[in-house]
Every structure is written in C-alpha cells, then in structure tokens.
Amino acid sequence: MGFRAADWLAPGLASAWAYRLWFELPPPARVTPSETGDILELLGSPFEVTLRGRRIRGWSWGAGPVVYLVHGWSGHAEQLQPLVKHLLDQDLQVVAFDGLSHGHSDPGEHGAGSSDAVELGRSLDAVAARFGPARAVVAHSMGALSALLALRDGWVATERLVLIAPVEGVPDFVKRFRAQLRFGRRTERRLLARAEGRTGYAVADLDVARLGRQLDPRPELLVIHDLDDRETAHAPSARLVAGWPGAELYSTAGLGHRRIIADAAVGGTVARFAARLPVEPSLHGGDVPQPLPQFEQRRSSVA
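Residues numbered from 1 in each chain as written. Predicted model: local features only at pLDDT ≥ 70, side-chain atom pairs only at ≥ 80, totals over all residues. Heavy atoms only, no water.

Caption draft 1: Spotlight on unusual backbone geometry. At the junction of Asp216 and Pro217, the peptide bond is cis and its omega measures out at 0 degrees in the coordinates. Topologically, Pro217 is positioned in the loop between α9 (208–213) and β7 (220–226). At Ser141, a position not held by glycine, the phi torsion is positive, near 55 degrees. Assignment of secondary structure puts Ser141 in the loop between β5 (134–140) and α6 (142–153). For Ser141, a relative accessible area of 9% gives the class buried. (Helix = DSSP H or I, 4+ residues; strand = E, 2+ residues; numbered from the N terminus. Buried < 20%, exposed > 50% of the residue type's maximum accessible area, 1.4 Å probe, protein only.)

Caption draft 2: Structural context of the pairing of β5. Burial of β5 is extensive: seven of the seven residues sit out of reach of the surface. Taken together, the four bridges between strand β3 (residues 66–70) and β5 define a ladder with parallel strand orientation. Paired with Val70 across the two strands is Ala139, which belongs to β5. Relative to strand β6 (residues 158–164), β5 runs parallel, the two sharing six bridges. From the neighbouring strand, His140 faces β6, where its bridge partner is Ile164. The β-α-β motif built from β5, the intervening α6 and the parallel element β6 has right-handed crossover chirality. (Pairing = 2+ DSSP bridges. Right-handed = clockwise from strand over helix to strand, strands pointing away.)

Caption draft 3: Structural detail: the pattern of salt bridges. Tallying each qualifying case throughout the model produces 16 salt bridges. Residues Asp172 and Arg176 are paired through a salt bridge, measuring 3.0 Å at the closest nitrogen-oxygen approach. Here Arg176 and Asp172 lie together in helix α7 (residues 170–181), a separation of four residues that amounts to about one turn. On the basis of relative accessibility, which here comes to 45%, the residue Arg176 falls in the partly exposed class. Its salt-bridge partner being Glu188, residue Arg178 comes within 3.4 Å of it at the nearest N-O pair. One end of the pair, Arg178, is in helix α7; the other, Glu188, is in helix α8 (residues 185–199), and ten residues separate them in sequence. You can call Arg178 partly exposed: its relative accessible area is 21%. If you follow the salt bridges from partner to partner, you end up with Glu48, Arg55, Arg57 and Asp106 in one network. (Salt bridge = Lys/Arg side-chain N within 4 Å of Asp/Glu carboxyl O.)

Caption draft 4: Summary view of the sheet that holds β5. A sheet is described by the order of its strands in space; here eight strands give the open sequence β1-β2-β4-β3-β5-β6-β7-β8, paired in mixed fashion. Where the open sheet ends on each side, the last strands, each with one partner, are β1 (45–51) and β8 (248–252). Ignoring which end each strand starts from, the neighbouring axes of this sheet average 20 degrees apart. Along the sheet face, helix α5 (residues 117–131) touches β1, β2 (54–61), β3 and β4 (93–97) and points at about 120 degrees away from the line of β1. Where α6 meets the sheet, it contacts β3, β5 and β6, and its direction lies at approximately 145 degrees from that of β5. (Axes fitted to C-alpha atoms, helices over the stretch in contact; angles between N-to-C directions. Contact = heavy atoms within 4.5 Å.)

Okay, structure coming up:
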C-alpha cells in the first residue's frame, strides 16, 4: 500500500526505496563445512586480485585446464566447494572466488551489503585476467548472468559453460519485483533509470538468453536445473537450451535451488562435461520434462 500511494504522491521517493531493496544483499546462506571441505581448503592455494583498488579473494586447487566457479546473489565460494573434488578427479584446475561485497572480499563500489550482477561479472573478469582462459565456467543462479556478461564484454574466454539453476535475467526480475511491491509505471521508470545509471547497462540487455545469442563463438552449454526450484523457474532454462545449438539440459527433482550444488550426481555431471566426457542422460528427457509420479504425488499431498 505504501508503494502504491508513493507512486502517485512521490514516485522519486518510491523509486529510491525500491532501488535500495533491489541492490541490498540479504545475509548469506550459512554453510557447515564438511570434512571434505576442510581438507580441500587446506590443499587449496589462497589468492587475491584487485579490481579498481578493491581486493577479491579466492582459492585455487589442482593443475590443468582452468575451471572457474561463480557463486550467485549473496553467495560465496564456500557454497561451491562440493564441486571441487569432482573437478579435481578429472585433472582440472579449479578457481573459486568471492565477488566484491560477498564472502571474504572487499566491499564493492557501492559499499558493504550492496552489489549487482555487473559487479560480480567484473569480479570474475579480474580473476580470469590472473588465471587465463578457461576450459569451463560453472555458474550458479545470478552468477549465470554475471558469467555471460564477462564472456561477452570482458577478458573471460571459455570452451564450455555450465549454468546451474540460472536466473532468467533482470527484465524478468523487474516484473516480479513490481508485482511484489505493487509500484506503478512512474516509479518503475525512475527505478530503471537509477539501475541503468548504476550498472551502465540497459535493463533489457541483462537477459541470459539474449546475452547467449550475442556470444561469438558460443561455448558448449550444459544447463542443470531442478523442476521444483522455487527461486528460478525451470521453463526458461528449457527454452534457453532449445535455442542454443548443441546445448544439453540436465533436470533434477527434489533438490531445489541450493541443494542441487551439493548433489553428487550433479557434481559428477559437471566434472564430466568440463572434462569433455559424455554426460549421462538427464533424469527427464525432452525440452519440457515432467516430475516423477511419486514426486508429483508427494507435492500434491503437501499442498
């Protein structure tokens, strides 16, 4: 109700309020390190790179062709540790980092607790300038958008790309954000102008499928997405794969948005794809997979 009233009385104030909510980082999801995670951290090598005088911190493991791991919104490198062992088993070098304003890295351009997909993409860009071209980039959630920006506009080059539970993009986010807060067109126009001034990109350009079409050449693509993901929808991933020649879709059921990263089958699939090995068939074939009967029955009983 406050946003609806402010849209008429003070759209500038409403857009400033919405802007703050948009770019404010929530508290990061806590990760309880496993014994394997502790061991991997001890074996890894810490590193720092700088972006406009701000330090980006990360870890690297192993030797061989480089695989970059890119976390999502309010994420951090530790969330991606379950993938490291699988990649090391394929004789790959793994590089993971905390984007600016995330994890152990310095606050970003807009201060602690605030960031955006463009800044995360520039963080990846700075790391890639240190470690060089990639065999694969593996990105989770909003990291998918950041990775594609870095591939199109930055120093990052990769043969293969893995997107795990990718976002659809900022245009889709704005639609949902507006529906949630119920602000009107006058607030939206001012909000988008603020966002574009911050990032230097038109909102319409920050779309995963659109960025993918602009890559030349396109890397080999594997998309992994859970059917019951409540944060990012599965259907846009299916459309992305359908429009990307040679791309593969690996669908899961019951893992959700974050647990999918820690799943052993998912980790193995990521590593095989990065190692140029055949990927096992998806749990669901086709462009529009359906839930398993027992899974659908469980969801119906809960509802």
